[in-house]
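# Topology and contacts: notes
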Amino acid sequence: MTEIFYVVSISALLLSFYKSKEKTKKALSKAWKAFENIMPQFLSIIIIIGVMLTVLSPAQISNLLGNESGWGGVILAALIGSVTLIPGFVAFPLAAALLKGGAGYMQIAAFISTLMMVGIITIPLEIKYFGKKAAILRNLFAFIFSLMVAFGMGVFM
Amino acid sequence: MKKGLPEILKRYRVFMILFLLNILLAVIKPEIGLKSLDLTWKNTLEMLSVIPPIFILLGLLDVWVSREAMVKYMGEGSGIVGVLLGFFIGSAAAGPLYGAFPVAGVLLKKGSKLSNVFIMMGAWSTTKIPLLLFEASAMGPKFTLLRLVMDIAGIGVIAYLTEKFLTTGEKDEIYRNSMLKI
């Protein structure tokens, strides 16, 4: 998928260059500025993720959710999902393995949903763009919604 | 844009402190410290491979799409078109949610409606097409479809509520802030 994005962005860049050299230069300088602007937070976040994922290994997550059940497990799963940042292509096989290991659909749904929608670690970055209130509200609503998704999964799966 | 060294040191000081702490951790507790440094390195490489096209596209978007066009298609009164565009941009995206923040910044700067920007972020976080295919193969189609249906409704509700809870002054502040970002 990343390859597609490279093809699209490079094609767009060439087209832009063909249309206007000046504007293309401006676009690239803006792209760089936007990138550099978030670099400090970005690098800090990546270090925190590195330490967190080492301390909180997939095996441990599996253990916690496998032993817990009911809403306690759901809330725990939602909290773990909120504070971790795992790429989707790692999270889904992990989730599938957790299901096989005996975790319930509700817990897994809560974990996946918060993993994707709630980002406690990235909240400083989000605040930079949206301000404190909007960032906190969005994450809070997403957390509550994830519990509802878990409930829905419990009913339908 | 040229910046002095003190300015750079100031901006990166949190990162540098964390980095030193991580090195310290590697010395005291190598089994955790070294593994986390390794993870950090891998994540950095992943980020550097995913992110450049996003920023190039948003630079081009900023230069080529006029404010008038953005307001017309995604601004106040853009109606269902703005909602669908928000869904489309987010679903066609790649990379983790933090990649969506700068894109959100450009949309805001150009005058997109706040709730449409939140819809874009919601779609970016949960209805990305390649990820859905991946999810279906790992979790089964029933789980994926159920989650997708609930998420589409949820994204709309979260976007609507988040915007409703903000005062006009707070929204203005977000728009003003977006002008400084790129």
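Since the structure is predicted, the reported quantities are computational estimates derived from the model, not experimental observations. (Residues numbered from 1 in each chain as written. Chains lettered and ligands numbered in written order. Predicted model: local features only at pLDDT ≥ 70, side-chain atom pairs only at ≥ 80, totals over all residues. Heavy atoms only, no water.)

Once that is clear, we can look at the overall build of chain A. Secondary structure assignment for chain A yields seven helices and zero strands. In chain A, the succession of helices and strands from N to C terminus is α-α-α-α-α-α-α. Out of the 157 residues belonging to chain A, those deemed buried represent 52%. Taking all contacts inside chain A whose residues are at least 6 apart in sequence as the whole, residues at least 24 apart take part in 75%. (Helix = DSSP H or I, 4+ residues; strand = E, 2+ residues; numbered from the N terminus. Buried < 20%, exposed > 50% of the residue type's maximum accessible area, 1.4 Å probe, protein only. Contact = heavy atoms within 4.5 Å.)

Counting 87 residues, the largest nonpolar core has A:Phe42, A:Ile108, A:Ile112 and A:Phe130 as its most contacted members. Residue contacts for A:Phe42: discarding those within four places in its chain leaves A:Leu125, B:Met47, B:Ile51 and B:Tyr98. Residues A:Leu13, B:Ile56, B:Leu60 and B:Val63 belong to the second largest nonpolar core, which totals five residues. (Core = buried A, V, L, I, M, F, W, Y, C linked by side-chain atoms within 4.5 Å.)

Turning next to the interface of chain A and chain B. Every contact between the two is made by 71 residues of chain A and, on the other side, 77 residues of chain B. The contact between chain A and chain B buries some 6,900 Å² in all, and 79% of this surface belongs to carbon and sulfur atoms. Of all residues in chain A, A:Ile47, A:Tyr129 and A:Phe130 bury the most surface against chain B, accounting for 11% of the area lost on that side. Our count for the chain A to chain B interface comes out at three salt bridges. A salt bridge links A:Glu36 to B:Arg11; its shortest N-O distance comes to 2.9 Å. (Buried area = accessible area lost by both parts, 1.4 Å probe. Salt bridge = Lys/Arg side-chain N within 4 Å of Asp/Glu carboxyl O.)

Looking at the assigned domains, one finds that chain B contains domain 1 (1–51) and domain 2 (65–181). In this structure, domain 1 of chain B and domain 2 of chain B have C-alpha centres spaced 30 Å apart. (Domains from an automatic or database assignment.)

Looking at where B:Ser36 falls in the secondary structure, it is placed in helix H3 (residues 30–64). For B:Ser36, a relative accessible area of 0% puts it in the buried group. Polar side-chain contacts of B:Ser36 include one of 3.1 Å to the side chain of B:Asn22. Not counting residues within four places of it along the chain, the set of residues in contact with B:Ser36 comprises A:Gly50, A:Val51, A:Thr54 and B:Asn22. (Polar contact = N/O pair within 3.5 Å; in protein donor to acceptor, adjacent residues only side chain to side chain.)

Residue and element names in this part refer to chain B. Interaxial distance between helix H7 (residues 114–126) and helix H9 (residues 141–165) falls to 8 Å at its minimum, and their mutual angle equals 150°. With respect to H9, the element H7 is oriented roughly antiparallel. For H7 against H9, the interelement crossing comes out right-handed. Across from Leu-114, Ser-115, Phe-118, Ile-119, Gly-122, Ala-123 and Thr-126 in H7, the residues of H9 making contact are Arg-147, Asp-151, Ile-155, Ala-159, Thr-162 and Glu-163. Considered class by class, the residues forming the contact of H7 with H9 number six nonpolar, four polar and three charged. (Axes fitted to C-alpha atoms, helices over the stretch in contact; angles between N-to-C directions. Parallel < 35°, antiparallel > 145°, perpendicular 65-115°, else oblique. Left-handed = near helix turned anticlockwise from the far one by under 90°. Nonpolar A, V, L, I, M, F, W, Y, C, P; charged D, E, K, R; others polar.)

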